[in-house]
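Summary of structural features
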Amino acid sequence: ALLSGRAGGVDDVCATLLSNRCAARLGRGMVQLALSDALAAVQVAPQHARARVRLARCLLKCDAFAGALEQVDVVIARRAAVGAADSADRARIVQE
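What you see is a predicted model; the values in this text were computed from it and never measured. (Residues numbered from 1 in each chain as written. Predicted model: local features only at pLDDT ≥ 70, side-chain atom pairs only at ≥ 80, totals over all residues. Heavy atoms only, no water.)

Some thoughts on the environment of R21
Where we set the bar: Each helix corresponds to a stretch of at least 4 residues labelled H or I by DSSP, and each strand to a stretch of at least 2 residues labelled E; elements are numbered beginning at the N terminus. Exposure categories follow from relative accessible area, calculated using a 1.4 Å probe and restricted to protein chains: below 20% of the type maximum is buried, above 50% is exposed, and the middle band is partly exposed.
For R21, the position within the fold is in helix α1 (residues 10–27). Classification of R21 as partly exposed rests on a relative accessible area of 41%. Sequence separation of R21 and L33 is twelve residues, and the distance between their C-alpha atoms is 9.2 Å.

Observations regarding the nonpolar core
Quick note on the threshold: In this text, buried Ala, Val, Leu, Ile, Met, Phe, Trp, Tyr and Cys residues form a nonpolar core when linked through side-chain atoms within 4.5 Å. Contacts between residues were defined by any pair of non-hydrogen atoms, one from each residue, lying within 4.5 Å.
L55 and C58 are the most contacted members of the largest nonpolar core, which totals 19 residues. Listing elements by their share of this core, those giving two or more residues are α1, α2 (31–44), α3 (49–61) and α4 (65–81). Ranked by the residues each element gives to this core, the list is headed by α2, at six residues. If sequence neighbours within four positions are ignored, L55 has contacts with L35, A38, L39, V42 and Q71.

Some points on the packing of α1 against α2
To characterise two packed helices, one gives the angle between the axes of the helices and the distance between these axes. Applicable threshold: Between N-to-C directions, angles cover 0 to 180 degrees, with each direction set by a line fitted to C-alpha atoms, over the stretch in contact for helices. Should an angle lie under 35 degrees it is considered roughly parallel, over 145 roughly antiparallel, and from 65 to 115 roughly perpendicular; all remaining angles are considered oblique. Crossing handedness is defined as follows: a turn of the near helix away from the far one that is anticlockwise and smaller than a right angle gives a left-handed crossing, while the clockwise case is right-handed.
Running from N to C, α1 and α2 cross one another at 165°; their axes reach a closest spacing of 8 Å. Here α1 lies roughly antiparallel to α2, going by the angle between them. The two elements α1 and α2 cross, and the hand of that crossing is left-handed. Facing α1, whose interface residues are D11, C14, A15, L18, S19, R21, C22, R25 and L26, α2 presents V31, L33, A34, D37, A38, A40, A41 and V44.

Things to note about α4
Note the cut-off: To estimate the expected span of a helix, subtract one from its residue number and multiply by 1.5 Å. This arc corresponds to the set of directions leading from the helix axis out to the C-beta atoms.
Taking 1.5 Å of rise per residue, 17 residues should cover 24 Å, and α4 covers 24 Å from first to last C-alpha, within 8% of that figure. Looking only at α4, the buried set comprises A68, Q71, V72, V75 and I76. For α4, the angular spread of buried residues about the axis comes to 135°, placing them on one side. Residues A66, E70 and A81 are exposed on α4 and point more than 90 degrees away from its buried face.

What to know about the packing of α1 against α3
We apply this condition: Throughout this entry, Asp, Glu, Lys and Arg are counted as charged residues, while Ala, Val, Leu, Ile, Met, Phe, Trp, Tyr, Cys and Pro are counted as nonpolar. The remaining residues, Gly among them, count as polar.
Between α1 and α3, the least distance of the axes is 9 Å, while the angle of their chain directions is 30°. Taken together, the axes of α1 and α3 are roughly parallel relative to one another. For the crossing formed where α1 meets α3, the hand is left-handed. Residues S19, N20, C22, A23 and L26 of α1 form the contact with α3, whose own contacting residues are R50, A51, R54, R57, C58 and K61. Here the residues of the contact of α1 with α3 are counted per class, giving five nonpolar, two polar and four charged.

Here it is as structure tokens:
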């Protein structure tokens with residue numbers, strides 16, 4: 001399954017690694033590098049919720065509020081599709 005290229009495969013692993021590096025860079029104040037990693041993670045695996053949340057955080061740091069909200073809305077829509085979203089999800093997702 002690791003080499004399948006499907007969800008849970010190589011794309012998901014790459015997105016996870018990029019997303020984790022994004023978080024590390026964001027924690028060190030390297031916002032532009034973190035943003036680069038987050039964008040790459042979402043490009044590799046658009047379904048990766050954590051990558052989208054971290055992208056939203058980077059966009060918030062860059063004062064790109066509309067873009068951040070768009071990313072959070074994508075995550076909420078996907079959670080709602082599987083019955084996991086509620087009205088407080090927006091705030092909770094950004095705080096994760």
